[in-house]
Amino acid sequence: ENTYLCQIYNLTLLCAEDYVVEPQSVQFLVQHGFDFNKQYAQGIPYHKGNDKGNESQSRSVRTFFLELIRAKKPLILHNGLIDLVFLYQCFYAHLPDNLGTFTADLSEMFPAGIYDTKYASEFETRFVASYLEYAYKKCKRENCKLKDSGGQHLTIEFCNYPDNMSHYIDYRHCSLEEESHNVGGGNKVPVCEKFSAYGWCPKGVKCPQSHNIDFIIDEDDKLWEEKRKKRKHKWKRRKNTEEPAKAFEQESSGKEMELAQNGEEGPPRKQSCYEPAAAPELAEITAITEGRLLEENSMDTEAEVSSDTSRQREEGKEKESCDPPSQGGTHRAGFDAFMTGYIMAYVWMLKKGANTETGAGPWLPDCHNKLYLSGKSVPLQIVKSLFSKSSKAHSQKMKLAWAS
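Going by what an unreviewed UniProt entry lists, the protein chain is known as TOE1 protein and is assigned to Smutsornis africanus.

Caption draft 1: View of the overall build of the protein chain. Scanning the protein chain from terminus to terminus reveals 12 helices and nine strands. Residues classed as buried in the protein chain amount to 47% of the 404 residues present. Of the roughly 21200 Å² of accessible surface on the protein chain, 52% is carried by carbon and sulfur atoms.

Caption draft 2: Main features of the packing of aromatic side chains. Enumeration over the complete set of coordinates arrives at 18 aromatic pairs. Through a chain of ring-to-ring contacts, the aromatic side chains of Tyr 46, Phe 65, Phe 86, Tyr 88, Phe 91, Tyr 92, Phe 102 and Phe 110 assemble into a single cluster. The lysine or arginine in question, Lys 72, covers the ring of Trp 402, its NZ or CZ lying 4.9 Å from the ring centre. Here the guanidinium or amino end of Lys 352 rests over the ring plane of Trp 348, the centre of that ring lying 5.1 Å away.

Caption draft 3: View of the nonpolar core. Counting residues in each nonpolar core, the largest one holds 40 residues, and the members touching the most others are Tyr 131, Tyr 134, Leu 154, Phe 195, Ile 216, Ile 343 and Leu 364. Elements represented by at least two residues in this core include exactly β1 (3-11), α6 (117-123), α7 (132-148), α9 (213-241) and α11 (333-352). If one sorts the elements of this core by residue count, α11 sits on top with 10 residues. Formed by 28 residues, the second largest nonpolar core is a distinct cluster that contains Leu 13, Leu 75, Cys 90 and Ile 114.

Caption draft 4: Quick peek at the state of the cysteines. Counted by the stated rule, this structure contains zero disulfides. Sulfur of Cys 90: no disulfide; nearest cysteine sulfur belongs to Cys 15 and is 6.3 Å away. Residue class for Cys 90 comes out buried when judged on its relative accessible area of 0%.

Caption draft 5: Structural context of helix α3 (residues 61-70). Val 61, Arg 62, Thr 63, Phe 65, Leu 66 and Ile 69 are the residues of α3 that are buried. Of the residues trailing α3, Lys 72 is marked for its positive phi of about 55°.

Caption draft 6: A look at the pattern of salt bridges. Applying the stated criterion across every chain yields a total of 14 salt bridges. Here Arg 62 ties to Asp 51 by a salt bridge, and the two come within 2.9 Å at their closest N and O atoms. You can see Arg 62 sitting in helix α3 and its partner Asp 51 sitting in the loop between β3 (44-46) and α3, a full 11 residues away along the chain. Judged by relative accessible area, which is 28%, Asp 51 ranks as partly exposed.

Caption draft 7: Focus on the environment of Phe 102. Within the fold, Phe 102 resides in helix α5 (residues 99-109). Owing to a relative accessible area of 5%, Phe 102 belongs among the buried residues under this scheme. Sequence separation between Phe 102 and Leu 84 is 18 residues, and the spatial gap between their C-alpha atoms is 9.8 Å. Once you skip the residues sitting within four places of it in the chain, Phe 102 turns out to touch Leu 84, Val 85, Tyr 88, Leu 95 and Pro 96.

Caption draft 8: Just the packing of α7 against α11, in detail. At a closest axis distance of 9 Å, the pairing of α7 and α11 adopts a crossing angle of 45°. Relative to α11, the element α7 lies oblique. Remark: the crossing between α7 and α11 carries left-handed chirality. Together, Leu 132, Glu 133, Ala 135, Tyr 136, Cys 139, Lys 140, Glu 142, Asn 143 and Leu 146 of α7 and Asp 336, Phe 338, Met 339, Thr 340, Tyr 342, Ile 343, Tyr 346, Met 349 and Leu 350 of α11 make up the contact between the two elements. Partitioning the contact of α7 with α11 into residue classes produces 12 nonpolar, two polar and four charged.

Thresholds, definitions, all that
Residues numbered from 1 in each chain as written. Predicted model: local features only at pLDDT ≥ 70, side-chain atom pairs only at ≥ 80, totals over all residues. Heavy atoms only, no water. Helix = DSSP H or I, 4+ residues; strand = E, 2+ residues; numbered from the N terminus. Buried < 20%, exposed > 50% of the residue type's maximum accessible area, 1.4 Å probe, protein only. Areas by Shrake-Rupley, 256 points an atom, 1.4 Å probe, with all protein chains shown as cover. Phe/Tyr/Trp six-rings, centres within 6.5 Å; stacked < 30°, edge-to-face > 60°. Lys NZ or Arg CZ within 6 Å of the ring centre and 35° of its normal. Core = buried A, V, L, I, M, F, W, Y, C linked by side-chain atoms within 4.5 Å. Disulfide = S-S within 2.5 Å. Salt bridge = Lys/Arg side-chain N within 4 Å of Asp/Glu carboxyl O. Contact = heavy atoms within 4.5 Å. Axes fitted to C-alpha atoms, helices over the stretch in contact; angles between N-to-C directions. Parallel < 35°, antiparallel > 145°, perpendicular 65-115°, else oblique. Left-handed = near helix turned anticlockwise from the far one by under 90°. Nonpolar A, V, L, I, M, F, W, Y, C, P; charged D, E, K, R; others polar.

Here it is as structure tokens:
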């Protein structure tokens, strides 16, 4: 029940209307291998807003998106608010005037639920960082430990494609750790604290410090273990001096894993970073340019291959010896989709435990229809309020979707 067949698709799109791009976003994409020549030469055209004419009969991205809605499957994203706004505006209809109408429409478009793996990484697994590649590699490490110990673990299978499709398929070697992780007995380059906390650094590939996710996780695990030992030592001393220590133990032991690394409730926050989380997580908002990639993930992910959105990945490293220390993974929509699916599958496996009878309820009730909001301790709920109505454009699209 924890084995998934994974198929990953990259669709290169091109907005047919005038649009504005951010130089910083374009530079980011170029640094990670995005081919703008291919996009403008072969990109699948799309337009924003409502349908134009009888588009339901055409072979367009808009028709494809309607098929995803007809499938009534859960939609899984990472830090997905901007993604949902983009998908709605570019492949569905004009954006509603208010948030309540938007969330009401979404709840009907995806009745099986919307899941945000960034929210799950912070509030379910309690990771100290939740950008995509960090969460993915953390889940993968833990999954490998479960596999080695003979416990319940994820397994991912991939299709064997025929040779005549090789031109359309891009393979990436994937390992648990980056090749540079243990080279030469350890990396002497210090970890970039900003990248460690947010998965994004304003210096990008020019940063002289390390952006190696494996080193970052190593440091976090070491720090967590040191703090755990200190708490344990402190508790033992307290037990020997105070009778109420028993009550303290019962109350705190269950909370230990839930408390943030700084000892406060709420999602974990790294203390090593000096700036608040309001810093733009560019890697998580990647291509907000209109001509971005549509990421599609046909459920799911594994412990022997890979892909990250805050977005980065372990798969397409293709590193050269001359790369600066900060060089990260290649950013591709398909890799991001893979990592997002992997995180979801891993968290769901942990939460359902040995209970294989999942029933008709949502996968993760505590994460069902909850979108992560940057800097907020509460999510955005994707529900239809008693005070909100669906938009007119959405109602027309729903009739079109189910007319056949």
